[in-house]
Amino acid sequence: MVETTPTPTAPRAAALIVAGGRGLRAGGGMPKQYRDLAGQPVIARTIAAFDAHPAIAALVVVRHADDAPLLAAARPGTRLPLVEAVGGATRDASVRAGLDAIPEGIDLVLIHDAARPLVSAAVIDGVLAALATHDGAAPALPVTDALWRGEATVTGTEDRTGLWRAQTPQGFRLPAIRAAHAAHLSDPARPAAADDVEVARAHGLTVAITPGDEANLKLTTAADFDRATRLMETRMDIRTGNGFDVHRFGPGDHVMLCGVKVPHGRGLQGHSDADVGLHTVTDAIYGALCAGDIGTHFPPSDPQWKGAESHIFLTHAVDMAAAQGFAITHADLTLICERPKIGPHAAAMRARLAELLRIDMGRVSVKATTTEQLGFTGREEGIAALATVTLVKP
Ligand SMILES: Nc1ccn([C@@H]2O[C@H](COP(=O)(O)OP(=O)(O)OP(=O)(O)O)[C@@H](O)[C@H]2O)c(=O)n1
Ligand SMILES: C[C@](O)(CO)[C@H](O)COP(=O)(O)O
């Protein structure tokens, strides 16, 4: 008989995101984790960072009892189901509530502050890698500035050798950190723990220090929001794409423009429904993604696209952008024709485009111009369109 060694299965890791605090030091009129950071709620970025990591198999978010509506409004669409738990008066209590809510079948837990939205895949990787050989692991940065003691004047200098600035996620084997938190809770003399590493160490666990990241800052004060925004600007991938398309007039009694049926004495000719507005915006998105054009993805030689409604093409481009982590933040379309007059239909066109682009109508512009009766559009032989879109990957 041949003996086989069972293949070890990779441990399954959960992300436990603590968001039960009030963010009093940050101010701003609402708990900091729900405030906007460069166009997205802080917590949406934090959740998305873990949801996007392939080693994360479960997501638990601990919120304050009053914050259900805030979390519902801020949570992003996620690959993983999002388990919600209600936190307590201290960070420790919130972590315990989260540990209790972790679904079955999880081996490792990464406990992370919702207020650290810029956590990178590399920081998460470092923690997970160290957990293969340690009870716990957490990122940190060495203290590089001199450390003083004092109030208004300096009264002493502390030795900074071996001092670290602790970050999250702090990772552990699930049973061990549950036991550590239970022991911490039952200790009548327990001090408030600075973090989960302190709770773990008090229970005898060893914790490896893994590479931290300056960008993985905790949003604590109002100034931290400015700092995080600046950090994001330097690492953001911002792209613009342009599109241009023309369709000629032929027989018909209407034209399709941005998904809106506009009555007209002629129709537009094309393999699909000839919606020159949607085609142009679609091509602008493909352009920003460096992904060819509509013909690359929907060849005119393919009979299945004959008469197709053009929202199919735009939805494909929007999905492709989302799959690559891009958010569409703006679209500007210019339709070039003498007639039909676009003005009376522009609001409906903006609304439909916004719906298809999955963005607010305030980020979508539809305008029109004539060419003063010059050229093919001036002779009313067809309609031309120009578009610019902006895509942002945080
Ligand atoms: N009772 C608490 C307190 C804090 N936290 C979470 O722990 C993280 C780190 O805490 P901190 O930065 O101190 O947040 P707040 O307690 O919200 O801030 P503040 O002390 O300024 O009110 C935050 O994501 C916060 O939401 C929590 O889940 N439950
Ligand atoms: C857990 C922590 O983020 C590690 O740096 C930090 O201790 C929590 O924040 P607080 O400001 O000390 O509550």
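Residues numbered from 1 in each chain as written. Chains lettered and ligands numbered in written order. Predicted model: local features only at pLDDT ≥ 70, side-chain atom pairs only at ≥ 80, totals over all residues.

**Brief notes about the overall build of the chain**
- Each helix and strand in the chain was counted, giving 12 helices and 19 strands.
- Among the 394 residues that make up the chain, the fraction classed as buried is 39%.
- Considering only residue pairs separated by 6 or more positions, the chain has 72% of its internal contacts joining residues 24 or more positions apart. (Helix = DSSP H or I, 4+ residues; strand = E, 2+ residues; numbered from the N terminus. Buried ≥ 20, exposed ≤ 12 C-beta atoms within 10 Å, placed from the backbone. Contact = placed C-beta atoms within 7 Å.)

**Let's talk about the sheet that holds strand S18 (residues 364-369)**
- The strand order S16-S13-S19-S17-S18 describes an open sheet built from 5 strands, whose pairing is mixed. Each edge of the open sheet carries a strand with a single partner, namely strand S16 (267-268) and S18.
- Pairing geometry for strand S13 (residues 237-250) and S16, over 2 bridges, is antiparallel. Residue Phe-249 lies in a different strand from S16, and its bridge partner there is Leu-268. (Pairing = 2+ DSSP bridges.)

**Describing the nonpolar core**
- In terms of nonpolar packing, the biggest core is built from 53 residues, with Leu-16, Ile-17, Val-60, Val-109 and Leu-110 touching the most fellow members.
- Top contributing element to this core by residue count: strand S1 (residues 13-19), with 7 residues.
- Apart from the residues within four sequence positions on either side, Leu-110 is in contact with Ala-13, Ala-15, Leu-16, Ile-124, Val-127, Pro-169 and Gly-171. (Core = buried A, V, L, I, M, F, W, Y, C linked by C-beta atoms within 7 Å.)

**Things to note about the site of ligand 2**
- In the vicinity of ligand 2, the residues found are Arg-91, Asp-113, Ala-166, Gln-167, Thr-168, Ala-194, Asp-195, Lys-218 and Thr-220.
- Of the residues in the shell around ligand 2, the class split is 2 nonpolar, 3 polar and 4 charged. (Near = placed C-beta within 6 Å. Nonpolar A, V, L, I, M, F, W, Y, C, P; charged D, E, K, R; others polar.)

**A look at the site of ligand 1**
- Near ligand 1, the surroundings consist of 22 residues, among which Val-18, Gly-20, Gly-21, Arg-25 and Ser-94 are the closest.
- Within the residue set of the shell around ligand 1, elements represented by two or more residues are S1 and helix H3 (91-101).
- A per-class count over the shell around ligand 1 returns 8 nonpolar, 9 polar and 5 charged.

**A short note on helix H5 (residues 174-186)**
- Under the 1.5 Å per step criterion, the end-to-end length of H5 is 18 Å for 13 residues, consistent within 8% with the ideal 18 Å.
- The set of residues buried in H5 consists of Ile-177, Ala-180, His-181 and His-184. Buried residues in H5, looked at end-on, bunch into an arc of 95 degrees, giving them a common side. More than 90 degrees from the buried face of H5, the exposed residues found are Pro-175 and Ser-186.
- Packed against the buried residues of H5 are H3, strand S6 (108-113), strand S11 (170-173) and helix H6 (196-202). (Expected span 1.5 Å × (residues − 1). Arc of directions from axis to C-beta.)

**A short note on the UniProt feature "site: Positions MEP for the nucleophilic attack" (unreviewed entry) in the chain**
- The positions UniProt marks with the feature "site: Positions MEP for the nucleophilic attack" (unreviewed entry) are Arg-160 and Lys-218.
- Following the sequence through the fold, Arg-160 ends up in the loop between strand S9 (154-158) and strand S10 (164-166).
- Those residues within four positions of Arg-160 in sequence are excluded, and the remaining contacts are Val-143, Ala-146 and Leu-147.
- Tracing the sequence through the fold places Lys-218 in the loop between strand S12 (207-211) and helix H7 (222-235).
- Using a count of 19 C-beta atoms within 10 Å as the deciding quantity, one classes Lys-218 as partly exposed.
- When sequence neighbours within four positions are dropped, the list of residues in contact with Lys-218 reads Asp-113, Ala-115 and Arg-116. (UniProt positions renumbered as here; feature names shortened; annotations may be inferred.)

**Overview of the packing of H3 against H5**
- At their nearest, the axes of H3 and H5 sit 11 Å apart, and the two run at 140 degrees to each other. Considering the angle they form, H3 stands oblique to H5. Crossing angle aside, the handedness with which H3 passes H5 is left-handed. Contacts between H3 and H5 involve Asp-92, Val-95, Arg-96 and Leu-99 from the former and Ile-177, Arg-178, His-181, His-184 and Leu-185 from the latter.
- Its residues assigned to classes, the contact of H3 with H5 shows 4 nonpolar, 2 polar and 3 charged. (Axes fitted to C-alpha atoms, helices over the stretch in contact; angles between N-to-C directions. Parallel < 35°, antiparallel > 145°, perpendicular 65-115°, else oblique. Left-handed = near helix turned anticlockwise from the far one by under 90°.)

**Side note on unusual backbone geometry**
- Along the chain, Thr-168 connects to Pro-169 via a cis peptide bond; the corresponding omega equals 15 degrees.
- Its place among the elements puts Pro-169 in the loop between S10 and S11.
- Non-glycine residue Cys-290 carries a positive phi angle of around 55 degrees.
- Relative to the helices and strands, Cys-290 is located in the loop between helix H8 (276-289) and helix H9 (294-297).

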